[in-house]
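Here's the letter readout for the chains.
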Amino acid sequence: NKYEGVVMLNIWPGYAVQTVSKNGKRDVVKGPQIIHLEYDQTLEVLELSTGKPKTDNTLYRTAYLQTQNNIVSDIIEAVTSDQVQVSIRLSYRVNFTEGKEEKWFSVSNYVKLLTQHLRSVVRNAIKKTTLENFNEKSTDIIRDTVLGNVVEGKRPGKSFDENGMVVYDVEVLNVQINDSAVSRLLMDTNHKIVENNLK
């Protein structure tokens, strides 16, 4: 009785919330629309990993799930087959599949699920290639690993059955060789190749 009226929520396009009643009933509400909470309803809260690379040190709490054109960035530390450490800065583009709304809030930290799984997958792929090969084809290797090989001009993407999440694109923003001596050696070699080609 402290406040008059009811709680009103304005859910934007491309976002969703999940209402939870005291009897356990759960409903996912997609935007754009305005809803009024019942007296016994609350909102499901997500706790998302933050930072680069993503960690659980500081969690971002929100009741709003971005279901379309979501961007999750991360940094992956990996080792090539010839034992050279590399750092890859990535940006994943994520959608939540229509028709699987009942799963969207099944994972409270979908960022952790996404980044931990894809770190393992990408590290395994890099472990199987040499530094020289990875340096030349890093974007292709990562895109093939995360999104699958091109079939009829399109990549299938990476789906997560746990919550209906789909990674439909990945951008390789930067690849860095952590060993400065090896990095300089590789750069010198590339310069010599260019010099010889010009001659």
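For clarity, every value in this text was computed on a predicted model and none was experimentally measured. (Residues numbered from 1 in each chain as written. Predicted model: local features only at pLDDT ≥ 70, side-chain atom pairs only at ≥ 80, totals over all residues. Heavy atoms only, no water.)

Attention now moves to the pattern of salt bridges. This model, assessed by the stated rule, comprises eleven salt bridges. Among the ionic contacts, a cluster of salt bridges with common partners joins Lys30, Glu98 and Glu101. (Salt bridge = Lys/Arg side-chain N within 4 Å of Asp/Glu carboxyl O.)

Turning to the pairing of strand E10 (residues 85–96), a few remarks are in order. Bridge count for strand E9 (residues 70–79) against E10 is ten bridges, and the pairing is antiparallel. Within the sheet, the bridge partner assigned to Ile71 lies in E10 and is Arg93. Hairpin connection of E9 to E10: five residues between the antiparallel strands, including Gln83 at a positive phi of 65 degrees. Note: E10 against strand E12 (residues 165–177), eleven bridges, orientation antiparallel. Its bridge partner being in E12, Asn95 is matched across the sheet by Val166. (Pairing = 2+ DSSP bridges. Helix = DSSP H or I, 4+ residues; strand = E, 2+ residues; numbered from the N terminus.)

On to the nonpolar core. If you look at the biggest cluster of nonpolar residues, it comprises 34 residues, and the most contacted ones within it are Ile88, Tyr92, Leu114, Val146 and Val167. Of all the elements in the fold, those that place two or more residues in this core are strand E6 (46–50), E9, E10, helix H1 (110–127), helix H2 (131–147) and E12. Counting residues in each nonpolar core, the second largest holds six residues, with Ile11, Val17, Ile35 and Leu37 among its members. (Core = buried A, V, L, I, M, F, W, Y, C linked by side-chain atoms within 4.5 Å. Buried < 20%, exposed > 50% of the residue type's maximum accessible area, 1.4 Å probe, protein only.)

With that out of the way, let us pick up the packing of aromatic side chains. Scanning all chains against the criterion turns up three aromatic pairs. A ring pair is formed by Phe96 and Trp104, whose centres lie 6.3 Å apart and whose planes are at 70 degrees; its orientation type is edge-to-face. In this structure Phe96 comes out as buried when scored by relative accessible area, which is 1%. A residue is classified by how much of its surface remains accessible, and Trp104, at 1% relative accessible area, is buried. Ring-pair connections join several aromatic residues into one group, and the members of that group are Phe96, Trp104 and Tyr110. (Phe/Tyr/Trp six-rings, centres within 6.5 Å; stacked < 30°, edge-to-face > 60°.)

On to H2, then. At Lys137, H2 is deflected by roughly 85 degrees, the largest bend along its length. Looking one or two residues beyond H2, the residue adopting positive phi is Gly148, at roughly 90 degrees. (Bend = angle between axes of the 7 residues up to and from the residue.)

Note that Ser87 resides in strand E10. In this structure Ser87 comes out as buried when scored by relative accessible area, which is 11%. Of note is the side chain of Ser87, whose polar atom sits 2.6 Å from the side chain of Glu77. In this structure the side chain of Ser87 is engaged in a polar contact, spanning 3.0 Å, whose partner is the side chain of Asn178. Ignoring anything within four residues of it in the chain, the contact list for Ser87 reads Ile76, Glu77, Asn174, Val175, Gln176 and Asn178. (Polar contact = N/O pair within 3.5 Å; in protein donor to acceptor, adjacent residues only side chain to side chain. Contact = heavy atoms within 4.5 Å.)

Interpretation in functional terms is not warranted from these geometric data alone.
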